[in-house]
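Architecture and fold: a report
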Amino acid sequence: MKIYDKDGFVWWVGVVEDRMDPLQMGRCRVRIFGYHNDDKLLLPTEDLPWAIPVQPIVSAAMSGIGITPASVLPGTWVVGF
């Protein structure tokens, strides 16, 4: 059985900061709460790792926007592992 933060399986919550994936794979850069520094001078957005979304990329999942070709928007909170 996998338990939060045990056996190498860690859930996280973060906020999308960048969705302009140069490889056009649908990835986004996410600043993870409690893991990444929230000071953008110490850790600029361009230094964040790319995350691969599990939710369909055509869903904004924010502010009642629903399905849109805009995909996730900067400021969208996401959950990952």
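Each value, and the rule that gives it
Residues numbered from 1 in each chain as written. Predicted model: local features only at pLDDT ≥ 70, side-chain atom pairs only at ≥ 80, totals over all residues. Heavy atoms only, no water. Helix = DSSP H or I, 4+ residues; strand = E, 2+ residues; numbered from the N terminus. Buried < 20%, exposed > 50% of the residue type's maximum accessible area, 1.4 Å probe, protein only. Contact = heavy atoms within 4.5 Å. Areas by Shrake-Rupley, 256 points an atom, 1.4 Å probe, with all protein chains shown as cover. Core = buried A, V, L, I, M, F, W, Y, C linked by side-chain atoms within 4.5 Å. Phe/Tyr/Trp six-rings, centres within 6.5 Å; stacked < 30°, edge-to-face > 60°. pLDDT = per-residue confidence, 0-100.

**Quick notes on the overall build of the protein**
Per the secondary structure count, the protein includes zero helices and four strands. Listed by position from the N terminus, the elements making up the protein come as β-β-β-β. When the 81 residues of the protein are sorted by exposure, 35% land in the buried category. For the protein, restricting intrachain contacts to residue pairs at least 6 apart in sequence, the fraction spanning at least 24 positions comes to 38%. Split by element, the accessible area of the protein, about 5800 Å² in all, is 62% carbon and sulfur.

**As for the nonpolar core**
Ranked by size, the top nonpolar core spans eight residues in total: Trp12, Val16, Cys28, Val30, Ile32, Ala51, Val72 and Val78. Secondary structure elements with two or more residues in this core: strand E1 (12–18) and strand E2 (28–32). If one sorts the elements of this core by residue count, E2 sits on top with three residues. Among all residues touching Trp12, those that are not within four sequence positions of it are Val30, Ile32, Val78, Val79, Gly80 and Phe81.

**Details of the packing of aromatic side chains**
Tallying each qualifying case throughout the model produces two aromatic pairs. Measuring from ring centre to ring centre gives 5.1 Å for Trp11 and Phe81, while their planes differ by 65°; the resulting arrangement is edge-to-face. Here Trp11 is found in the segment before E1, whereas its partner Phe81 is found in the segment after strand E4 (77–80), with 70 residues between them in sequence. Among the residues examined, Trp11 registers a relative accessible area of 39% and is labelled partly exposed. Assessed through its relative accessible area of 59%, Phe81 is described here as exposed. Between Phe33 and Trp77, the aromatic rings sit 4.7 Å apart at their centres with planes inclined by 55°, giving tilted as the arrangement. Of this pair, Phe33 sits in the loop between E2 and strand E3 (50–51) while Trp77 sits in strand E4, and the two are 44 residues apart along the sequence. For Phe33, a relative accessible area of 40% gives the class partly exposed.

**A word on the confidence of the model for the protein**
For the protein, the mean per-residue pLDDT works out to 81, and 70% of the residues sit at or above 70. Per-element confidence in the protein is highest for E2, whose mean pLDDT is 94, and lowest for E4, whose mean pLDDT is 87.

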